[in-house]
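Here's the letter readout for the chains.
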Amino acid sequence: MSETLEQAEAAVRAGDMAKAADLYRAIEARDGESAPVHYGLGFIALHGGDAAEAHRRLSACLALDAAHHKARAALGSAALALGRPTEALEAFERTQSESPTPAGAINIAVAALQAGRFDRALAALDKSLGRIASGGAGTDPRERAECLRLKAEALAGLARLEEGLAAAAEAQRLDPRSPVIGQTLGILLRRARRPDESLRHLLAAWEGGLRLRALALEIAETQQARRDGSGCLEWLDRALVEGGSIRGARDRAALWSRAAGLYERENALERARDAVDRALALDPRDGQGRLVAAILDRRAGALEDAQARLHELLAEPGAAGSRTLQFEAARLADRRGDAEAALAHATKGNAIAARPEHVTRMRAGRRARLSAIESALDVIRHSRRTLAP
C-alpha cells in the first residue's frame, strides 16, 4: 500500500492530479478508507475547485486521524471556499496552535476578516509582523507588505481608518507594483470620503492586471461616491460581464445583490430588479439581495410584499442590530402611514449608528472599563447639578 501511496503523492507533486486521483481511488477500492487516501483526494478536490467534496474528504480524514495538521488546514480552506469563515477560523487557529507555520497566521487573518472578527485578525497579523521583523534583512518585503495590507483591512474593520490607511500606504511603499494592495488602498480611501484618490488607485489596480468583477464593482461604487452616475453604470455593466473571478454561487449572488443596490441608488430600477432576481435565484437567503428586493417593492408601491420581506429579515438572529435594516423599516413604516413604528425603527437605527458593531464586540475587560467611565461621568454630572447655584 505504501508504494502506491508514494506513487499517488509523487503524481500530486508533479501536478498530475488526474493520475493521482486514480491511484488514490484504486487504493481505496482495494484496501478501504484511510486517512492518507481521504487527505489526498480532499487535497485534489480542493485544488480542482470542488470545495464540498474537499470538505467531506478532509473531515473523514480527521475523523480517522485527528492529529493530521495538513488536513485540518486544508479543511479550513475548504470551509472558507464554502462561505463558512467562522468554521475556517476555528480550523486555522487549532492548526496554528498545534503546528505553527508562517502561513498559518495569514490563514487565520484571512478567515477572521471574512468572519468579521477584526480583533482576531489584527492579533494574528501583529504576531506575523513581529516574526518578520525578527527575521532581519533577509525577509522578503512582499511578505511584510501583504501582512500590512491585511492589517489595514482589520484596522478599518475596527473603525481605525486612519491607522488602516497608514498601514496600506506602507504596504504599497514596500510593494508598489501590487494591484491587490492598490485595490485595498483605494477601498479604504473611499471609506475615508476621498473618492478621487480612491478612484486613482482602483483604476491603477485595474490597469495593473487585476481584471476582476469585484474590482469593477468597487470602481462603480467609487464613481457613485463621486456622484458620477454614468461612470457608475458603465463600471457596473463591466462588473457583470467581466469574467474569471467569481466561482461559487454565493459569491456570484453577492456580486449581483451588491450591483442591484448600486443600480437602485442610481434609480436604474429595471436593472436593479433584474440584478436582484439573479442574486436570489443563485442564493435565496442572500441578505443584501432580500433587502434590495424589499426596497424595490417599497418604491414600486408593493408595500405588503416589502413588509413581508423586512419582517422575515428582522426576525433572523442578529438582524435587529443592523442599522441599514432599521432605517429601511422606518422608511417603509412611514410610507405605510405608521408614524409610531417609523419613529421606533429610526430611533433604533440611530442608536446602532452611534454605537458601531466593533464596540459591542469589546472583551469583558474593555466593556467593564467603558462602564466605569460612564459611571464616573454620571457622578460628575450629578455633582455639577448639586453644586449649581
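In the block above lies the structure referred to throughout.
What this report covers is the structure whose coordinates are included nearby. Treat the numbers as computed from the prediction; the structure is a model and nothing was measured.

1. Quick notes on the overall build of the chain
- Secondary structure summary: the chain contains 22 helices and zero strands in total.
- A buried classification covers 41% of the 389 residues belonging to the chain.
- The long-range share in the chain, meaning contacts at least 24 apart out of those at least 6 apart in sequence, stands at 48%.
- With the model as given, the accessible surface of the chain reaches about 20,700 Å², and the carbon-plus-sulfur share is 51%.

2. Things to note about the nonpolar core
- Counting 34 residues, the largest nonpolar core has Ala88, Phe92, Ala111, Ala121 and Leu188 as the members making the most contacts within it.
- Elements represented by at least two residues in this core include exactly α5 (69–81), α6 (85–98), α7 (102–115), α8 (118–134), α9 (141–157), α10 (161–174) and α11 (179–191).
- With residues near it in sequence (within four places) discarded, Ala88 still touches Gly76, Ala79, Leu80 and Ala111.
- Among the nonpolar cores identified, the runner-up in size contains 31 residues, and Ile187, Leu210, Ala220 and Leu280 belong to it.

3. Thoughts on helix α17 (residues 287–300)
- For α17, which comprises 14 residues, the first-to-last C-alpha distance of 20 Å matches the rise-based estimate of 20 Å (1.5 Å per residue) to within 8%.
- The element α17 is largely enclosed, with a buried count of 10 among its 14 residues.
- What α17 keeps buried is the set Gly289, Arg290, Leu291, Val292, Ala293, Ala294, Ile295, Leu296, Asp297 and Arg298.
- Where α17 is buried, its residues contact α15 (249–265), α16 (269–282), α18 (303–314) and α19 (323–335).
- A distance of 3.4 Å separates the backbone nitrogen of Gln288 from a side-chain oxygen at the start of α17, and that oxygen is part of Asp286.

4. Some remarks on α19
- End to end, α19 covers 19 Å across 13 residues, agreeing with the expected 18 Å (1.5 Å per residue, within 8%).
- Restricting attention to buried positions, one finds in α19 the residues Leu325, Gln326, Glu328, Ala329, Ala330, Leu332 and Ala333.
- Residues of α19 that are buried make contact with α17, α18 and α20 (339–354).
- Once α19 ends, the next one or two residues include Gly337, with phi positive near 80°.

5. Quick notes on the pattern of salt bridges
- Per the stated rule, a full pass over the model turns up 37 salt bridges.
- Linking Glu93 and Arg120 is a salt bridge whose minimum nitrogen-to-oxygen distance equals 2.6 Å. One end of the pair, Glu93, is in helix α6; the other, Arg120, is in helix α8, and 27 residues separate them in sequence.
- Arg120 gets classed as partly exposed once you look at its relative accessible area, which sits at 28%.
- Linking Arg226 and Asp196 is a salt bridge whose minimum nitrogen-to-oxygen distance equals 2.8 Å. With a gap of 30 residues between them, Arg226 in the loop between α13 (213–225) and α14 (229–241) and Asp196 in helix α12 (residues 195–207) connect regions that are remote in the sequence.
- Of the residues examined, Asp196 reaches a relative accessible area of 53% and is grouped as exposed.

6. A short note on the packing of aromatic side chains
- The tally for this structure, following the rule as stated, stands at two aromatic pairs.
- Considering the side-chain rings of Tyr39 and Phe43, the 6.3 Å spacing of their centres and the 40° angle between planes classify their relative orientation as tilted. One end of the pair is Tyr39 and the other is Phe43, both in helix α3 (residues 35–47) and four residues apart, which spans about a single turn.
- Exposure remark for Tyr39: the relative accessible area of 19% places this residue in the buried category.
- Given a relative accessible area of 30%, Phe43 falls into the partly exposed group.
- Plain terms: the ring middles of Trp206 and Trp235 are 5.1 Å apart, the flat faces sit at 90° to each other, and that makes the pair edge-to-face. A residue pair is termed long-range when its members are at least 10 positions apart, and Trp206 in helix α12 and Trp235 in helix α14 qualify at 29 residues. In this pair, the class of Trp206 matches that of Trp235, namely buried.
- Across from the ring centre of Trp235, 4.2 Å away, lies the NZ or CZ of Arg238, which sits over that ring.

7. Digging into the layout of surface pockets
- Reported here for the second largest pocket is a volume of approximately 270 Å³.
- The wall of the second largest pocket is formed by 17 residues, among which His69, Lys70, Ala73, Ala74 and Asn107 lie closest to the centre.
- Listing elements by their share of the lining of the second largest pocket, those giving two or more residues are α3, α5, α6 and α7.
- Residues belonging to the lining of the second largest pocket are distributed by class as follows: seven nonpolar, nine polar and one charged.

What counts as what
Residues numbered from 1 in each chain as written. Predicted model: local features only at pLDDT ≥ 70, side-chain atom pairs only at ≥ 80, totals over all residues. Heavy atoms only, no water. Helix = DSSP H or I, 4+ residues; strand = E, 2+ residues; numbered from the N terminus. Buried < 20%, exposed > 50% of the residue type's maximum accessible area, 1.4 Å probe, protein only. Contact = heavy atoms within 4.5 Å. Areas by Shrake-Rupley, 256 points an atom, 1.4 Å probe, with all protein chains shown as cover. Core = buried A, V, L, I, M, F, W, Y, C linked by side-chain atoms within 4.5 Å. Expected span 1.5 Å × (residues − 1). Polar contact = N/O pair within 3.5 Å; in protein donor to acceptor, adjacent residues only side chain to side chain. Salt bridge = Lys/Arg side-chain N within 4 Å of Asp/Glu carboxyl O. Phe/Tyr/Trp six-rings, centres within 6.5 Å; stacked < 30°, edge-to-face > 60°. Lys NZ or Arg CZ within 6 Å of the ring centre and 35° of its normal. 1 Å grid on protein atoms, 1.4 Å probe; cavity = no way out; pocket = protein on both sides within 12 Å on 5 of 7 lines; lining within 4 Å. Points joined across faces, edges and corners; volume = space filled by probe spheres on them. Nonpolar A, V, L, I, M, F, W, Y, C, P; charged D, E, K, R; others polar.

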